[in-house]
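# Understanding the architecture of this molecule
Below are the chains, spelled out letter by letter.
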Amino acid sequence: MLAMNILHQEQLYTMETAIERDIIENANFAWSGHFGHKGILQVHSIADFWSWMRLGFLGLVVKPGWLYSEPAPDILGGPDMTSRPDMPTAWLFNGYERPAPVANEYLHYAKVISGIRMRQSVSGAGDFCVLPSLLDPALLSQWLAKPCFPSDLGLLSPEVHEAENFLGLQREEFLFPDLFTIQELTQQVLDMEDGCAYSNATGNACRCEWCSAGAQSLRPWIDEETSRVEISMVVYNAQYGSYTYVSVNFMFNRGGHIHSFIHCLSAFVDPFLRPGPELALTLVAATLWIGALLYALAAELTEIRGAIRNSNAGLRKALWEDYVGFYNMVDWSSIIVGSLAIGYYFQSRIAASAVNELLPSMIDASLKPDANYQSTVKEFFRAAEDMSKAKKDTELQLMFYPLIIMMRLFRSFEAQPRLALVSATLKTAAPDLGHFFMIFLCVYLCFVVSSLLFFGQDLESFSTMDRALHTSFLAMFGDWDWNAMTDVGMLRAAVWFWVFMVMMVLFMLNMLLAIIMDAYQMEKYKTSDATTLWQQILDMIERRRQYIRGERVRLTDVWKTFRRQYAGKEKAMLSSDQLLSVEYLVNTVTRMPEQQALRTMVHSLKRDDILTHGFMTEEQVNKHVEKTLGSMELKIKAILEDVEFINDKLDFFDRLLAPGDAEYDFYFGADGQSHDQASRLWIYNSITAFSEELQQNFVRGIQRIGTWQDEFECEQTELADGLREFEQLLAQSLEALQELSNVVEGMDKEI
């Protein structure tokens with residue numbers, strides 16, 4: 001808002017565009033009746049330049065009277081303004097001091113302040129000719145018959161910085177509409193063209209100062225040494241309160257072509273001469289901006305002081321380890337660039353004030369020309385040049401500042417997970433992007449060099465490395481001039497273009513999008529359950545209400561409480577291994593409810609888990625799935641083995657339950673025996689097997705006792721305990737035999 005209200009670029013664009021279009025469209029030469037067939041873009045020789053200057057530009061700027069429409073051709077038979085006698089050449093409108101057009105008026109709403117200045121840069125003659133080494137230099141010099149004048153100006157289409165270079169210009173000439181009539185100015189231009197040859201031949205005074213100076217009396221103002229001609233004037237527009245430095249440039253390259261370029265630099269008389277509401281808004285915006293810069297500076301200095309106080313290391317190590325970071329550098333960049341912008345702005349205002357101070361004397365000289373008129377004009381032009389350059393530097397500084405603010409906004413967005421999605425995506429994709437751009441730049445530079453070699457001789461847009469870089473970049477995004485590219489041959493251009501599009505667009509750019517989208521999908525999954533911005537705003541409002549009601553404390557209060565415990569040393573506080581609990585928080589932080597303490601601890605643990613373990617990447621997820629599948633495979637294999645074992649056992653028992661089996665015979669009877677006989681036989685066999693097992697146990701017990709007696713004669717107590725255990729076992733066996741006998745007798749009685 002501040003920059004828009006101060007710069008008002010839309011007004012400057014209106015004025016500069018009107019001037020440029022007027023010079024391009026209306027400064028014509030090669031007249032046929034009332035129509036000029038050529039303009040500034042058709043100036044291709046020195047003769048064309050003087051025709052354009054005398055017949056086009058001079059009459060456009062210096063108007064002798066009110067202009068009317070062109071006469072109608074005879075075939076139309078319409079009204080003809082020129083056929084009307086006594087047409088007025090000026091009009092005194094209501095409120096005008098003098099009839100219009102007034103002196104030095106330009107485009108009705110502006111005035112040329114200081115006349116027209118013409119100057120040029122030249123390249124000195126010398127032994128700079130490039131000649132074949134095998135030939136005689138003297139012979140070649142005799143054949144060329146003139147020296148060479150090397151110059152790098154005008155090799156390609158001129159750029160803005162060439163028009164803004166005011167150094168090294170000479171052969172200065174002025175055309176003063178305040179002092180001379182249009183006819184006298186035209187005569188001055190003719191004298192500059194022919195070096196006053198005609199004036200000297202006819203005995204008239206030469207109006208070209210440089211041409212008539214000393215030995216240069218018969219030398220044209222433009223010759224083969226000329227490399228650049230600048231025609232400049234300062235225009236003041238009272239409608240907007242602005243100065244415009246108009247620079248019409250002609251670049252004479254050593255190939256014989258003349259490039260034309262119009263450049264305007266504007267600045268306001270005083271940007272604060274605005275309506276009240278707009279001025280108030282501008283002042284408020286300026287105050288807030290300067291306050292924000294001072295606040296950022298104070299915050300950074302406080303952070304530096306805290307880093308030094310909290311560190312036990314030296315100053316340099318403390319700053320490097322505890323302070324220096326990406327966003328800290330962004331903050332300092334914003335402070336430095338903002339301060340430079342303020343400095344450059346004051347410099348531009350000082351330069352504009354210098355022009356404002358010279359304007360009254362310039363007006364006096366225009367109304368009442370005197371002997372000091374030319375010196376006043378020269379001083380005014382120098383002040384206007386300084387003002388234009390200072391205004392351009394201010395705009396350049398202001399251009400960088402929003403880009404730095406953009407980086408600071410990304411830092412602010414990190415406070416909200418969903419807003420931090422873009423920056424998080426770039427961080428996640430950074431390693432892959434780094435490796436990708438190494439390949440991308442190698443491939444891209446190869447295509448740039450090939451385009452320079454392939455198209456550079458025929459197309460200006462590929463003729464230098466920087467232009468080829470830019471043009472190839474535009475081609476990747478669909479902006480190319482195919483008709484111009486076919487100048488090298490349609491088939492050859494098509495081969496290069498197809499290969500470029502396939503490699504750079506279909507492969508490289510799509511791979512770049514794939515890398516970014518892959519990281520975006522991962523970050524979007526992380527924030528899928530994150531709170532939205534609107535919900536976070538509602539939560540903040542609710543927390544504020546709870547704080548007012550005394551139902552919670554602010555997290556900043558919690559931070560300050562722990563910070564006081566460590567005497568303000570945040571590094572020691574954050575590195576402490578002290579265990580925290582809900583009770584500790586409630587007892588330490590004043591007025592902190594237990595529910596908030598519990599919630600804070602839970603959220604802190606979740607946050608710590610995320611910071612410690614983070615989210616698994618796709619590769620980690622694949623490894624985890626692979627490990628889980630391997631574990632499941634082992635478990636399934638074990639289950640299959642268990643099922644197979646059960647199946648074998650079932651099959652075994654199925655085959656075991658057959659006639660002749662003791663268990664089968666007990667339940668179903670054996671062949672040739674009744675059920676009771678089979679039961680008694682089974683009991684008898686069982687008792688016999690038990691008796692044999694008991695006998696074996698008895699024998700093993702006796703053997704054990706003998707072994708104990710031989711080996712542990714000194715342990716009589718343990719032997720006695722063993723005998724008692726054996727007696728108990730024998731008693732239990734007798735009881736079991738007695739019970740079995742009772743069972744058999746009971747069965748006999750039943751039978």
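Along each chain, the written sequence defines residue order, and numbers are assigned to residues from 1. Where local features are concerned, this predicted model is filtered to residues with pLDDT of at least 70; where side-chain atom pairs are given and counted, the filter is 80 or more; whole-chain, interface and lining totals use all residues. No hydrogens and no water enter the side-chain calculation; it runs on all heavy atoms of the structure.

## A few points about the overall build of the protein chain
Elements are defined by DSSP. Helices are runs of H or I of four residues or more, strands are runs of E of two residues or more, and each kind is numbered from the N terminus. Counting its regular elements, the protein chain contains 24 helices and 9 strands. Note on classification: 1.4 Å probe, protein chains only; a residue is buried when its accessible area is under 20% of the maximum for its type, exposed when over 50%, partly exposed between these limits. In the protein chain, which comprises 751 residues, the proportion classed as buried is 32%.

## Let's talk about the nonpolar core
Residues Ile23, Trp52, Phe57, Trp221, Ile231, Val248 and Phe250 are the most contacted members of the largest nonpolar core, which totals 42 residues. Secondary-structure elements contributing two or more residues to this core are helix H2 (9-26), helix H3 (46-61), strand E4 (110-112), strand E5 (116-122), helix H6 (182-194), strand E7 (226-237), strand E8 (242-252) and strand E9 (258-268). Sorting elements by how many residues they give to this core places H3 first, with 8 residues. Tryptophan 221 has contacts with Trp50, Met118, Arg119, Gln120, Arg171, Glu173, Met192, Cys208, Trp210, Cys211, Thr226 and Val229, leaving out every residue within four places of it along the chain. As used in this record, nonpolar core signifies buried Ala, Val, Leu, Ile, Met, Phe, Trp, Tyr and Cys residues forming a set joined through side-chain atoms within 4.5 Å. Phe440, Met476, Val488 and Ala493 belong to the second largest nonpolar core, which has 28 residues in total. Residue contacts are counted whenever heavy atoms from the two residues lie within 4.5 Å of one another.

## Things to note about unusual backbone geometry
Residue alanine 100 is joined to proline 101 through a cis peptide bond whose omega torsion reads 5°. Note on placement: proline 101 falls in the loop between H3 and strand E3 (105-106). With a phi angle near 60°, alanine 30 is a residue other than glycine that sits in the positive phi range. Tracing the chain through its elements places alanine 30 in strand E1 (residues 29-32). Note on alanine 30: relative accessible area 31%, which makes it partly exposed. Even without glycine at this site, cysteine 196 takes up a positive phi of about 65°. Within the secondary structure, cysteine 196 sits in the loop between H6 and helix H7 (197-202). Judged by relative accessible area, which is 1%, cysteine 196 ranks as buried.

## Considering the packing of helix H8 (residues 276-310) against helix H10 (residues 326-367)
Helix axes use the C-alpha atoms of the stretch in contact, all axes being lines fitted to C-alpha atoms, and the angles between their N-to-C directions lie in the range 0 to 180 degrees. Interhelical geometry of H8 versus H10 gives an angle of 140° and a closest axis separation of 10 Å. Between H8 and H10, the angle falls in the class oblique. Two packed elements cross with a definite hand, and for H8 against H10 that hand is left-handed. Contact with H8, carried on its side by Trp289, Ile290, Leu293, Ala296, Leu297, Glu300, Leu301, Glu303 and Ile304, involves Asn328, Asp331, Trp332, Ser334, Ile335, Gly338, Ser339, Ala341 and Ile342 of H10 and no other residues of that element. Its residues placed into classes, the contact of H8 with H10 shows 11 nonpolar, 4 polar and 3 charged. If an angle is under 35 degrees, it is roughly parallel; if it is over 145, roughly antiparallel; if it lies from 65 to 115, roughly perpendicular; otherwise it is oblique. The handedness criterion is simple: a crossing whose near helix is rotated anticlockwise from the far helix by less than a right angle is left-handed, and one whose near helix is rotated clockwise is right-handed. Under this grouping Gly is polar, as are all residues other than the nonpolar Ala, Val, Leu, Ile, Met, Phe, Trp, Tyr, Cys and Pro and the charged Asp, Glu, Lys and Arg.

## Section: the packing of H10 against helix H11 (residues 373-413)
Contact geometry for H10 and H11: axes closest at 7 Å, N-to-C directions at 160°. Comparing the axis directions of H10 and H11 gives the class roughly antiparallel. The handedness of the crossing between H10 and H11 is left-handed. The residue inventory of the contact of H10 with H11, partitioned by class, reads 28 nonpolar, 10 polar and 7 charged.

## Comments concerning the environment of methionine 53
Its place among the elements puts methionine 53 in helix H3. In this structure the C-alpha to C-alpha distance between methionine 53 and asparagine 28, which are 25 residues apart in sequence, comes to 8.9 Å. Beyond its immediate stretch of four places on either side in the chain, methionine 53 contacts Leu58, Met118, Leu175, Val189 and Ile231.

## Digging into the side chain of serine 232
Note that serine 232 resides in strand E7. Under the relative-accessibility criterion, serine 232 is labelled buried at 1%.

## Observations regarding the pattern of salt bridges
Any Lys or Arg side-chain nitrogen located within 4 Å of an Asp or Glu carboxyl oxygen qualifies as a salt bridge. Taken as a whole, this structure holds 22 salt bridges when the rule is applied. Between arginine 219 and glutamate 225 there is a salt bridge, and its shortest N-O distance comes to 3.3 Å. Glutamate 225 gets classed as buried once you look at its relative accessible area, which sits at 17%. Several salt bridges share partner residues, and in doing so they unite Arg117, Arg119, Glu172, Glu230, Lys378 and Glu385 into one network.

## A short note on a nonpolar patch on the surface
A surface patch of nonpolar side chains, about 590 Å² in accessible area, is lined by Phe437, Leu441, Leu445, Val449, Leu453, Met465 and Leu469. If one sorts the elements of the nonpolar patch by residue count, helix H12 (residues 421-455) sits on top with 5 residues. Position of leucine 469 among the secondary structure elements: in helix H13 (residues 465-476). Exposure above 30% relative accessible area and no salt bridge define the residues that can form patches, which grow by joining like charges within 9 Å and nonpolar side chains of Val, Leu, Ile, Met, Phe, Trp and Tyr within 5 Å. All accessible areas in this document rest on Shrake-Rupley with a 1.4 Å probe, and a residue is counted as covered only by the protein chains that are shown.

## Focus: the state of the cysteines
For this text, the term disulfide refers to a pair of cysteine sulfurs within 2.5 Å. All told, the structure shown has 3 disulfides when counted by the stated rule. Here cysteine 129 pairs with cysteine 148 through a disulfide, and the sulfurs are 1.8 Å apart. Since a negative S-S torsion denotes a left-handed disulfide, the cysteine 129-cysteine 148 link at about 110° is right-handed. With cysteine 129 in the loop between E5 and helix H4 (137-144) and cysteine 148 in the loop between H4 and helix H5 (160-163), this residue pair connects regions lying 19 residues apart in the sequence.

## What to know about the packing of aromatic side chains
Each aromatic ring pair is described using two quantities: the centre-to-centre distance and the angle formed by the ring planes. Any two rings among Phe, Tyr and Trp, with Trp reduced to its six-membered ring, count as a pair given centres within 6.5 Å; such a pair is stacked if its planes are under 30 degrees apart, edge-to-face if over 60, and tilted if neither. Inspection of the entire model under this criterion finds 34 aromatic pairs. Centroid distance phenylalanine 440 to tyrosine 444: 5.9 Å. Interplanar angle 5°. Geometry classified as stacked. You can see phenylalanine 440 and its partner tyrosine 444 sitting in helix H12, 4 residues apart, about one turn around the helix. Residues phenylalanine 440 and tyrosine 444 agree in their burial class; the two are buried. Their ring planes at 50° and their centres at 5.8 Å tell us that tryptophan 482 and phenylalanine 497 sit as a pair that is tilted. Highlighted residues: tryptophan 482 in helix H14 (residues 482-485) and phenylalanine 497 in helix H15 (residues 490-526), separated in sequence by 15 residues. We classify tryptophan 482 as partly exposed; its relative accessible area is 27%. Assessed through its relative accessible area of 12%, phenylalanine 497 is described here as buried. Only Lys NZ and Arg CZ are tested; either one counts as a charge over a ring when it is within 6 Å of the ring centre and within 35 degrees of the ring normal. For the cation-ring pair, arginine 274 lies above phenylalanine 268, with the distance from its terminal atom to the ring centre recorded as 4.7 Å.

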